[in-house]
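Remarks on the overall topology
Chain residues, written in single-letter form:
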Amino acid sequence: MMTASADLLQPLLDAAALTDDLAGPDALRRLWALVGDDDPRREEEFLDAISPDDAHDDGLPLRVGQWTIDLTATAVRTGVLTALVAGVLIPHGLDDFAIGFVTAVLPTVIQIERVQLSAGDQRLLVELRAKRDLGSEDELYRALPRSVRKEINRYDFADFLERLRDAGFASGPAGGPIQLRAP
Amino acid sequence: MQASRPVRPAARFSSVPPSSLAVPADQPDGERRPLGSGGEGWFAYEGWLLGGVRESGKADQFASAHESHHKQLADSTAFGLLCRALRQLESTEAARRARAFNRTTAPVQEAFASWTPATAIGWTRNDLYAAYPAYAGHWDVMDRITSLAPSPYLAVHAAHASARASMQAPVIDIALQVGLRDLELADIPRRLRPDHRFATLQRHPIDWKALVARIDAALVADPRWAELQSARSLSAEMFSSPVRTIWATVNDTVYAAFAEILDANHCPTLTNEGHHGELRSLLAAAAEDALPLTLTMADPPAIDRTTLVVLANAESETYVSGPLGPAQLLPTDITIDHMVTGPVSPHLLLCLRQGASTARNFDFADRRGPDVGSSRAHLRRGELDDAGEFRVSLLDVADQPPSALLREDVPTYSIVDLSRFDTELVRRWDGLISSQRTALVIDVPLAENLPVWLANEDATLRYAFIRTQPQGRIVPFLLATISLPDVHSHLMLRAMSPATVRVLRAAFDELSQQGMQITQDNTVVERYEPMLGIVLAHLAIEERVFGIL
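So, here is what we can say about the structure in this document. (Residues numbered from 1 in each chain as written. Chains lettered and ligands numbered in written order. Predicted model: local features only at pLDDT ≥ 70, side-chain atom pairs only at ≥ 80, totals over all residues. Heavy atoms only, no water.)

Turning our attention to the side chain of A:Glu44. Tracing the sequence through the fold places A:Glu44 in helix H4 (residues 40-50). Using a relative accessible area of 12% as the deciding quantity, one classes A:Glu44 as buried. Once residues within four sequence positions are removed from consideration, A:Glu44 is found in contact with A:Arg29, B:Gly137, B:His138 and B:Val141. (Helix = DSSP H or I, 4+ residues; strand = E, 2+ residues; numbered from the N terminus. Buried < 20%, exposed > 50% of the residue type's maximum accessible area, 1.4 Å probe, protein only. Contact = heavy atoms within 4.5 Å.)

Pairing is mixed across the open sheet formed by five strands, whose spatial order is S2(A)-S1(B)-S2(B)-S3(B)-S16(B). Two strands bound the open sheet, and with one partner strand each, they are strand S2 (60-62) of chain A together with strand S16 (545-546) of chain B. Strand direction decides the pairing type here: strand S1 (residues 40-44) of chain B and strand S2 (residues 47-51) of chain B, joined by five bridges, are antiparallel. Counted as the bridge partner of B:Trp42 is B:Leu49 from S2(B). (Pairing = 2+ DSSP bridges.)

Looking now at the pairing of strand S10 (residues 438-441) of chain B. Residue and element names in this part refer to chain B. Burial along S10 is two-sided: the residues Thr438 and Leu440 and Ala439 and Val441 are all buried. Considered for its hand, the β-α-β crossover made up of strand S9 (residues 412-417), helix H18 (residues 423-428) and S10 is right-handed. Strand direction decides the pairing type here: S10 and strand S14 (residues 491-495), joined by three bridges, are parallel. The residue of S14 that forms the bridge with Val441 is Leu493. (Right-handed = clockwise from strand over helix to strand, strands pointing away.)

What follows is about the sheet that holds strand S4 (residues 110-117) of chain A. Residues and elements named next belong to chain A. Overall, antiparallel pairing links the three strands, which are arranged S4-S5-S6 in an open sheet. The open sheet has two edge strands, S4 and strand S6 (178-181), and neither has a second partner. This sheet shows a mean twist of 25 degrees between the axes of neighbouring strands, independent of strand direction. Pairing of strand S5 (residues 124-130) with S6, which is carried by four bridges, proceeds in the antiparallel orientation. Its bridge partner being in S6, Val126 is matched across the sheet by Leu180. Strands in contact with helix H6 (residues 99-109) are S4 and S5; relative to S4, the strand with the most contacts, it is inclined by about 110 degrees. (Axes fitted to C-alpha atoms, helices over the stretch in contact; angles between N-to-C directions.)

This part covers the interface of chain B and chain A. Across the boundary between the two partners, chain B contributes 48 residues, which contact 31 residues of chain A. Taking both partners together, chain B and chain A bury about 3300 Å²; carbon and sulfur atoms supply 48% of that area. On the surface where chain B and chain A come into contact, there are five salt bridges. The partner of B:Arg190 in a salt bridge is A:Asp96, with the nearest N and O atoms 2.7 Å apart. The interface formed by chain B and chain A contains 13 residue pairs in polar contact (both at pLDDT 80 or more). Broken down by element, the side of chain B that touches chain A gets its largest block of residues, nine residues, from helix H4 (residues 92-120) of chain B. Among the residues making up the side of chain B that touches chain A, the classes are represented as 20 nonpolar, 13 polar and 15 charged. (Buried area = accessible area lost by both parts, 1.4 Å probe. Salt bridge = Lys/Arg side-chain N within 4 Å of Asp/Glu carboxyl O. Polar contact = N/O pair within 3.5 Å; in protein donor to acceptor, adjacent residues only side chain to side chain. Nonpolar A, V, L, I, M, F, W, Y, C, P; charged D, E, K, R; others polar.)

On to the packing of helix H5 (residues 74-89) of chain A against H6(A). Residue and element names in this part refer to chain A. Closest axis-to-axis distance for the H5/H6 pair is 9 Å, and the angle between their directions is 115 degrees. Relative to H6, the element H5 lies roughly perpendicular. You can see that H5 and H6 cross each other, and the crossing is right-handed. Judged by residue contacts, Gly79, Thr82, Ala83, Val85, Ala86, Gly87 and Leu89 of H5 engage Ile99, Val102, Thr103, Leu106 and Pro107 from H6. Taken together, the residues of the contact of H5 with H6 sort by class into eight nonpolar, four polar and no charged. (Parallel < 35°, antiparallel > 145°, perpendicular 65-115°, else oblique. Left-handed = near helix turned anticlockwise from the far one by under 90°.)

Here we take up unusual backbone geometry. For the peptide bond that leads from B:Gly342 to B:Pro343, omega is -5 degrees, which places it in the cis range. Within the secondary structure, B:Pro343 is located in the loop between strand S4 (325-329) and strand S5 (348-352). The omega torsion of the bond from B:Glu529 to B:Pro530 falls at 5 degrees, within 30 degrees of zero and hence cis. Mapped onto the secondary structure, B:Pro530 falls in the loop between helix H21 (523-527) and helix H22 (531-542). Positive phi, close to 55 degrees, is recorded for A:Ala17, a residue that is not glycine. As for its position among the elements, A:Ala17 is in the loop between helix H2 (10-15) and strand S1 (22-23). Unlike most non-glycine residues, B:Gln471 shows phi in positive territory, near 45 degrees.

What follows is the structure, encoded as structure tokens:
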């Protein structure tokens, strides 16, 4: 089992044949296919969540070309992995949340323990564990990075925690890892 | 005729019929371009930039309409207006906050502005992918909503209604409670955010059978509805003036159906025109707090509002015909003799422009661009330099008397920004601003000013379009005069993208049909020769950035 979350991504990149350091939307769509959600909205949400900040400059650009991200950068790898895990988590009772939302708050709340592909159909399997006490909503909200706190509504966040609890995530002795499979 | 610079084009957009003006359906197929080869655009809250246009094909038509659709959606919804207001506070913090808000509109904006214009110009998904590969995914998202509609006509309505209902969230109350200066995106729960609302609509498909029954009931006596509903493909006529009342009824009904889905899923939604009330509250609060907002409410004009709205929308374009050309500001000891210039025949060219218009049009090698803005009277000369590159030289003549610029051997022509053209300016440059020697650049919104100029029933706007192509760049111009019986005003002109030419042409046709005194008159071209050829050459060759400042 690998521990560093960025390294968890490599087998997935291999499986999706992402061999270049720089990846654009078309290549990253292949990666998204491992999550198995063929809803075009979710795919766009995934791309939006991992696209570089300058793709969202002041206004709405109409570009002929495509953006790319650098898959050798640790922060980028962590972001991509988190967004993929968000894609696996959402169908388990969190349909009401966007990939971008889950990607932003997940690292504060959930530890990604294990990521692998199922042998048969190459679908993503993840093992997740609550990092903290999911009951302390205010405390957890304060634990979010400041930039995230400016954009995530606290009631939405409380709602998100409730759904995690409904999905079986718990902290303390009862808080063992939970295994989820992409649909 | 005089024009004063109005405030920014007002926010009076409502649900505008889509494509009759924005994208006429009768354009011939453009040449298929290699992957990713259309013009590029940038919508930034108030208007848009359009550049990279190389031919008048469908890709550029799409680019122009794409940006126009962004503006229409922003201006006709409470969330869009809130984004504009946040951005107008003009601080780094405000820009960051506006960006965060704007980003939540992106999935709706891009789906709407990709699918709708593409459909109007008859593009398939593959056509869109060929020109703008990054937008095919957005097309898919809107296609998921519209493909369920029982006819192409209702599919277009579904695109408009789903996008607008997603953006018509009652957010202004929260904004005012928190205060515009302190408002963060975190203050807005996701049920009021466009991205979440749009996703909700995708998860809960509309009951089209029930909806068509509601429209049938509303339009029971109108045979045109059955025709529109049964048409197998879209045409410009389906959105034109004579059937606009049907558009309004169907639009209201389809909008209400999407709003009901949102409401049922805990996403409260304003009525179809609910953004007007929201904007009124916002402006009242802004006035109380002395916030520097330039958003305004407009009085409803007497003419069909929709056409003027479409015209105003088209006028939000800033058209960039190519990279800026080099320019220099000459030392003041240069003689006026030195400023005699071509093309066509030797002459002097006096430019009385807004400082910002001069500054944004040239690449000043000595970085003296900002100084240019402070002086607003220049003689201008264009010439090929030793490297074969075209260079513009400007000589400040703000302190010169008119007599110094009036010569016997060569004529003096003038280019004057319309926003500066008044009796005082004519007096200051006495003898130089005659109608046969002067062209006025239309740097004010026609949508705001036409009703004023044509309030005199004897006045007529006579116009023609002319296309220039200097050094391969495409620069079409609108030429116009306001004529009274036996009197012709100064020539007015403005350059714009080929796509916007089509929109203006269609808007002028419609306004004319509605009784406004507007008529196409190609004799405008010859009436102002030889001045016209000279002025057009200077503008098209030397300038690159066209549009209202």
